[in-house]
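Structural description and commentary
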Amino acid sequence: MSVVASGVASGVASGVPSGTRVWLAAGTTDMRKGFTGLSALVQNALASSPFCGHLFVFRGRRGDLLKVLWWDGTGLCLMAKRLERGRFIWPQAQSGRVSLTAAQLSMLLEGIDWRHPVRTADPLIEV
C-alpha cells in the first residue's frame, strides 16, 4: 500500500467528528455497488439514512476490499480500500450492523484486528 493511500485511510478515521457513529454492515456486500446501491443498503438493510452523517462500512466477499460511505454535509463521499495482503477482520453476524469507535475504524482500515488489539509491550508503571 502506498503512503498516500495509508494517509487517506488514516485521515478518514482520525477526521471523524465527535458524535459521529461508525457502522459496519454485517455479512458481505457486492463491491460493484456505488453511491446509489450502497445508499439503498443503508436505508433497507441497516434501517438508517445515508444522509445522517454517520459512516457506513461495507466489506466484499473476499475480505480484502472495504468501502466507506458517508455524508459530509455537502454530498455523499465514497472511499474504497483494498489490502494487498491479508483480510479485513469482520463480525461473524450475517446481517444487521455493528457499531465501532473511531479508534476501532482506524485499526480496521490498517488491517489490524480491532476486536482484540494486543500491546507489543506492557506499559511501564512507576512506583
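Residues numbered from 1 in each chain as written. Predicted model: local features only at pLDDT ≥ 70, side-chain atom pairs only at ≥ 80, totals over all residues. Heavy atoms only, no water.

1. As for the confidence of the model for the protein chain
Using the following cut-off: Confidence of the predictor at the level of single residues is given by pLDDT, which spans 0 to 100. Each helix is a run of H or I in the DSSP string that is no shorter than four residues. Each strand is a run of E no shorter than two, and both are numbered from the N terminus. In this description, contact between two residues means that some pair of their heavy atoms is separated by no more than 4.5 Å.
Mean pLDDT for the protein chain: 85, with 85% of residues reaching 70 or above. Per-element mean pLDDT across the protein chain ranges from 48 in helix α1 (residues 3-14) up to 97 in strand β2 (residues 55-59). pLDDT under 50 marks residues 1-8. Its contacts with residues more than four places away, or in other chains, come to six contacts.

2. Some words on the pairing of β2
The condition that has to hold: Any residue under 20% of the maximum accessible area for its type is buried, any over 50% is exposed, and the rest in between are partly exposed; the area is computed with a 1.4 Å probe on protein chains only. A pair of strands is considered paired only if DSSP assigns at least 2 bridges between the two. Note on handedness: a clockwise path from strand one over the helix to strand two, with the strands aimed away from the viewer, defines a right-handed crossover.
Counting buried positions along β2 gives five out of five residues, so the element sits mostly inside the fold. What you see with β2 is no split at all: L55, V57 and R59 on one side and F56 and F58 on the other are buried throughout. In this sheet, β2 lies alongside strand β1 (residues 22-25) in parallel orientation, the contact comprising three bridges. For L24, the partnering residue across the bridge sits in β2 and is V57. Note on the crossover from β1 through helix α2 (residues 35-44) to β2: the handedness is right-handed.

3. Thoughts on the nonpolar core
Defined as follows: Here, the term nonpolar core denotes a set of buried Ala, Val, Leu, Ile, Met, Phe, Trp, Tyr and Cys residues that are joined through side-chain atoms within 4.5 Å.
Among the nonpolar cores identified, the biggest contains 19 residues, and L24, L55, V57, L66, L105 and L108 are the most heavily contacted of them. If you list the elements that add at least two residues to this core, you get β1, β2, β3 (65-71), β4 (76-82) and α3 (102-109). Sorting elements by how many residues they give to this core places α3 first, with four residues. Ignoring sequence-local partners within four residues, the contact set of L108 consists of L24, V57, L66, F88, I89, W90, L100 and W114.

4. Quick word on the sheet that holds β4
Think of a sheet as strands paired side by side through backbone hydrogen bonds, with each pair either parallel or antiparallel. This is how the line gets drawn: Think of each axis as a best-fit line through the C-alpha atoms, taken over the contacting stretch in the case of a helix, with angles from 0 to 180 degrees between the N-to-C directions.
If you trace the five strands from one edge of the open sheet to the other, you get β4-β3-β2-β1-β5, paired in mixed fashion. Strands with a single pairing partner mark the edges of an open sheet, and in this sheet they are β4 and β5 (97-100). For this sheet, the mean angle separating the axes of adjacent strands, direction not counted, is 25°. Against the sheet, α3 contacts β1, β2, β3, β4 and β5, and its axis sits at roughly 105° relative to β5.

5. Observations concerning α2
Defined as follows: In this context, the arc is that of the directions from the helix axis out to the C-beta atoms.
Looking only at α2, the buried set comprises L38, S39 and V42. Viewed end-on, α2 has its buried residues packed into an arc of 105°, placing them on one side of the element. What points out from α2, more than 90 degrees from its buried face, is the exposed set T36 and N44. Residues of α2 that are buried sit in contact with β2, β3 and β4.

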